[in-house]
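Here are the chains, one letter per residue:
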Amino acid sequence: MATLSETLTALYAIQQIDTRIQRAKRLQSTLDNGMEAAAQSAAARENAAAKRSIQHHVSGDLKDNELKLDTVEAKRKSYQQKLYQGSITNVKELANIEKEIEALGRQISDLDERILELMEQAEAAQAELTAADAEATTAEGHRTDTVAAFRARYEELGLELTDLTRLREAAAAGTEDKSLLKRYDDIRLKAGGVGIGRLDGNACGGCHMTLPSTLIKAVKESVQLQTCDNCGRLMLP
Ligand SMILES: [Zn+2]
């Protein structure tokens, strides 16, 4: 039969394992799983799509106006040729053609102005799209990296937990005094995961409260089981 001191030492070893299990679980639950990075990536992708739509619209508009300009210029050229060929002699018809050429000239000037405007807009839209695409690529890369790091770390902690759980089971199985083990477990559940504390000078190693000298003496003697007056944890010299 193990002595009280040996049992308490065994429980203290179990406590070390339990603390590591608790730590690994806490780390696992607080890992960045990439949710935020995914939201950022989706927003960046959406922004790039909006910029692409603007760029598409402006460049379409530009092409339309360039085609219109080609048509109007061709029309004016054909009127001018008619005029220079000298085949039209009717004065009224000549005047009409001149008027038409003038009107087409105004249209061409308006179209030139509009095309210049649209070229500037298209350039700006393209620059914004390029920047938005780069941002989306970066955000997606960050998301991928975050998820990969999360998975690797989660698995690593999972393996650590498997090992620790096995160790814990073996240590618990090797503890003769099952009722004291249960008591330790009950205290641990109520006291933030720590069921047994070593004396820390004149204080409890669990709650750090200074203990009465009679209790300290009793803990050191290890004849009878002692618990901290303040936190209720099992005491070990
Ligand atoms: Zn205490």
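None of the values given here were measured: they were computed from a predicted structure. (Residues numbered from 1 in each chain as written. Predicted model: local features only at pLDDT ≥ 70, side-chain atom pairs only at ≥ 80, totals over all residues. Heavy atoms only, no water.)

### Some details on the pairing of strand S1 (residues 196-200)
Phase 1 of the analysis: The pairing of S1 with strand S3 (residues 234-236) spans 3 bridges and is classified as parallel. Looking at the pairing, Ile196 lines up with Leu234 of S3.
Phase 2 of the analysis: By the bridge criterion, 2 bridges tie S1 to strand S2 (residues 203-204) in an arrangement that is antiparallel. If you follow Asp200 over to S2, its bridge partner there is Ala203. (Pairing = 2+ DSSP bridges. Helix = DSSP H or I, 4+ residues; strand = E, 2+ residues; numbered from the N terminus.)

### Overview of the sheet that holds S3
Phase 1 of the analysis: Spatially, S2-S1-S3 is the arrangement adopted by the 3 strands of the open sheet, whose pairing is mixed. Strands with a single pairing partner mark the edges of an open sheet, and in this sheet they are S2 and S3.

### So, helix H1 (residues 4-30)
Phase 1 of the analysis: A rise of 1.5 Å per residue sets the reference length of H1, with its 27 residues, at 39 Å; its end C-alpha atoms lie 38 Å apart and thus fit the reference within 8%.
Phase 2 of the analysis: Buried residues of H1: Thr7, Leu8, Leu11, Ile14, Gln15, Ile17, Asp18, Ile21, Ala24 and Gln28, and no others.
Phase 3 of the analysis: In the core, the buried residues of H1 are packed alongside helix H3 (91-173), helix H4 (178-190), S1 and S3. (Expected span 1.5 Å × (residues − 1). Buried < 20%, exposed > 50% of the residue type's maximum accessible area, 1.4 Å probe, protein only. Contact = heavy atoms within 4.5 Å.)

### Overview of the coordination of the zinc ion
Phase 1 of the analysis: For the zinc ion, the protein coordination sphere consists of Cys204 (SG), Cys207 (SG), Cys228 (SG) and Cys231 (SG), at 2.2 to 2.3 Å.
Phase 2 of the analysis: Geometry at the zinc ion is tetrahedral, judged from its 4 donor atoms and the angles of 106 to 115° they form at the metal.
Phase 3 of the analysis: Mapped onto the sequence, the residues coordinating the zinc ion show the spacing C-x2-C-x20-C-x2-C. In this pair, Cys204 sits in strand S2 while Cys231 sits in the loop between helix H5 (213-221) and S3, placing the two residues 27 residues apart along the sequence. (Donors = N, O, S within 2.8 Å, 3.2 Å for Na, K, Ca; no water. Tetrahedral: all angles 85-135°; square planar, octahedral: opposite > 155°, others 65-115°.)

### Overview of the packing of H1 against H3
Phase 1 of the analysis: Running from N to C, H1 and H3 cross one another at 160°; their axes reach a closest spacing of 9 Å. For the element pair H1 / H3, the angle class is roughly antiparallel. The two elements H1 and H3 meet at a crossing, and its hand is left-handed. Residues Ile14, Ile17, Asp18, Arg20, Ile21, Arg23, Ala24, Lys25, Leu27 and Gln28 of H1 pack against Arg153, Tyr154, Leu157, Gly158, Glu160, Leu161, Leu164, Thr165, Leu167, Arg168, Ala171 and Ala172 of H3. (Axes fitted to C-alpha atoms, helices over the stretch in contact; angles between N-to-C directions. Parallel < 35°, antiparallel > 145°, perpendicular 65-115°, else oblique. Left-handed = near helix turned anticlockwise from the far one by under 90°.)

### Digging into H5
Phase 1 of the analysis: Buried within H5 we find Leu215, Ile216, Ala218 and Val219. Buried residues of H5, viewed axially, fall in a sector of 165°; they line one side. Looking at H5, the residues exposed on the side facing more than 90 degrees away from the buried face are Ser213, Thr214, Lys217 and Lys220.
Phase 2 of the analysis: As for H5, its buried residues are in contact with S1 and S3.
Phase 3 of the analysis: Ser222 sits one or two residues past H5 and shows a positive phi near 55°. (Arc of directions from axis to C-beta.)

### Describing the packing of aromatic side chains
Phase 1 of the analysis: Evaluation of the coordinates by the stated rule reveals 1 aromatic pair.
Phase 2 of the analysis: Ring centres of Phe150 and Tyr154 lie 5.5 Å apart, and the angle between their planes is 45°; this geometry places the pair in the tilted category. Of this pair, Phe150 and Tyr154 are both found in helix H3, 4 residues apart, which corresponds to roughly one turn of the helix.
Phase 3 of the analysis: The side chain of Arg198 reaches across the aromatic face of Tyr12, ending 4.5 Å from its centre. (Phe/Tyr/Trp six-rings, centres within 6.5 Å; stacked < 30°, edge-to-face > 60°. Lys NZ or Arg CZ within 6 Å of the ring centre and 35° of its normal.)

Distances and angles like these do not, on their own, reveal function.
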